[in-house]
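Tertiary structure, described
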Amino acid sequence: MRTKVMVVAAMLMTLAVVCVWLSGCGGSGESAAVEAGKLTVSVTWPAPETAQVAPQTVPGGSQSIHVQVEETYDDATHVVAEALLVRPTAPPWVSEAHFASVRADAEALLAAVAYPNEDGTGVAQARAAMTIVIPAGGAGYPYGGNPGDEVHLVLDSTIVEVQVTPDPLEVIARMTKQFVATAKDADGSTVLVPATNAFAWSVADAPPVPPVSAAQGSGAWNASVDGEGVVTGLSMGTARVTATENDSGVSGEAMVQILPQLYGFAWEWQDPAGGFGILDAAAGASDTIYVPQHEASVVYSIGAGGNYIGQWPCMIYGMEGPTGIAYSADGHIYVTYHWTNRVEKRDAAGQLLNQWGEEAIPGGQLYGPTGITTDASGRVYVADTVNARIVRYADDGTYLDQWGSFGVGDGQFLAAADVAVDATGNAYATDYLSNRVQKFDSTGGFLGWWGKDGSGYIGWHDPGSGAIPVAGDEPGALNAPTGIAVDSGGDVFVVDAGNCRVEKFGPTGATLSTFGEYAESPGGPGQFNDPGGIDVDADGGVYVADSDNNRVQKFGPAGEVEVVIH
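Now for a description of the structure that goes with this document. (Residues numbered from 1 in each chain as written. Predicted model: local features only at pLDDT ≥ 70, side-chain atom pairs only at ≥ 80, totals over all residues. Heavy atoms only, no water.)

1. Description of the layout of surface pockets
Space left empty within the atom packing is revealed by a probe, the size of a water molecule, rolled over the atoms. To keep things clear, this is the line we draw: Residues are called lining when one of their atoms sits within 4 Å of a cavity or pocket point, these points coming from a 1 Å grid over the protein atoms alone, where a cavity is a set in which a 1.4 Å probe fits but cannot get out and a pocket is an open set with protein on both sides within 12 Å along at least five of seven lines. Grid points are joined across faces, edges and corners, and a volume is the space filled by probe spheres set on the points. Helix and strand assignments follow DSSP, with helices taken as H or I runs no shorter than four residues and strands as E runs no shorter than two, numbered in order from the N terminus. Three categories are distinguished: nonpolar for Ala, Val, Leu, Ile, Met, Phe, Trp, Tyr, Cys and Pro, charged for Asp, Glu, Lys and Arg, and polar for the others, with Gly belonging to the last.
Within this model, the largest pocket holds a volume of roughly 860 Å³. At four residues, strand S34 (residues 416-421) tops the list of elements feeding residues into the lining of the largest pocket. Among the residues making up the lining of the largest pocket, the classes are represented as 23 nonpolar, ten polar and ten charged. Volume-wise, the second largest pocket comes out at about 500 Å³.

Now the structure itself:
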């Protein structure tokens, strides 16, 4: 706080001046030989910031200022004038105190202290002191100055430290926590700061700091904070949260750890056929999960809790079976065949309705397709792996368009593994060999990618960045990603196959969660061995095809899952 106390020197007869030290004739009551004068002290308070804010709360909350003049004589210090000035409740924001008789002195001490209460109680919020001269029969002026100089006293805050709590400072990604800043003086006492806008909050040095783009939006990467100190976790990592007391400018900071969202194991379904053929899973209606078994050339239907419902044969011309699978909003099932370069459309009972594709590069033909998905309009997207592209079809197999080519540049692929589409039509595709997720708009326009680059940066990369993706095992980095799925809120789940885990991201690569670990077959709950496809149901349940463990595992938000093992 920097509240101004103004004391202006003038002659006794200049009564129209409100901020004056007046010295002249008259007695102090102690001795007729002691020269004395009169004193007027004026305090100009900061006005409220808006009409809606009560004067008692801005800024810093000081409600009173104690002003006094001390003089030393007769081998002792004496208070020769003092007053308590209280903050006004209406304009003009000025308080004054008048003293009829003040002893003249060559070295008097003028002091002022601001308090949070109207009666001058509480921990001092600001203070200042100045040596002044009160000449007999003349005008007061600053010590070391010249007669006629005005005396201005500016109060400085007593705050020397700001502490940010609670401790430990931890926030779960996508969750919020209220943080509190406490202002302390040199003695460690809390300086009461009741103003609603006492602190300015900010997030700084929140690594990694990403580039900002229209696709990503603006703001801090790991966390954000509002004006009331409510911190929101945006991405796993560490953020530096700072609170600055507005009047003093004193800041305090704390390193805040953004923790992952927690997902727990719910159940597993073990393939009775054995082998290593479980490559994908698709969430259908009524808690039904559809699972293609590549080696056995069948598609299983699994019910709630991992209960087996049935199966149907799924094979083309006696060759190898299905690879990827997707369930559309209208109840149809689409299956890819990697080795025979085709897509099948079936009904919920497994009856074949249509098929398309063959080994070729041009147009809508396919070469080694793997992942598949549909959008809200029923269009079908295929990760055409060997052709390094995404191909889009109408629901009857009519070719619509495609995007992508071979390489590691913007919108290019080394091995397109899977594709997912959000509610607004944006498409997300994994590249198994370039260790990244690429995002495209509804027309196939490249928006950016996330993963780790050769410089070590992990996060969102704008178009034209020129960065080259590399494998990594840190949170947010990827190593041979396979399956990808988008939930109803627009968050993206990626099977990070090379790290045997699942990572959850925001729509521009903010890392929200990571779960799973490697284990040799058969593996326990939450462990993976060469995981493949993934899907998310309407309730947020996550289904992962655990290929070399020949099973499907279901996960859900921690605290919301019931563990069932078959």
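There's plenty left to go through after this.
2. Regarding the sheet that holds strand S40 (residues 481-486)
Our working definition: Any two strands with at least two DSSP-identified bridges between them are counted as paired. Here, axes are lines fitted to C-alpha atoms. For helices the fit covers the stretch in contact, and angles between N-to-C directions go from 0 to 180 degrees.
Sheet architecture is open: four strands sit in the order S40-S41-S42-S43, paired in antiparallel fashion. Where the open sheet ends on each side, the last strands, each with one partner, are S40 and strand S43 (511-515). When the angles between neighbouring strand axes are averaged without regard to direction, this sheet yields 20°. In terms of strand pairing, S40 meets strand S41 (residues 492-496) through four bridges, oriented antiparallel. Looking at the pairing, proline 481 lines up with aspartate 496 of S41.

3. Notes on the environment of proline 46
Stated precisely, the cut-off is as follows: Residue burial is assigned from relative accessible area. The probe radius is 1.4 Å, only protein chains are included, and a residue is buried under 20% of its type maximum, exposed over 50%, and partly exposed in between.
Inspection of the secondary structure assignment puts proline 46 in the loop between strand S3 (36-44) and strand S4 (64-73). Note on proline 46: relative accessible area 26%, which makes it partly exposed. Put simply, proline 46 and tryptophan 93 are 47 residues apart on the chain and 7.1 Å apart in space, counted from C-alpha to C-alpha.

4. Notes on the pairing of S40
Of all six residues making up S40, six are buried, and the element is well covered by its neighbours. Turn length for the S40-S41 hairpin, with the two strands adjacent in sequence and antiparallel, is five residues, and the turn residue glycine 490 shows positive phi of about 90°.

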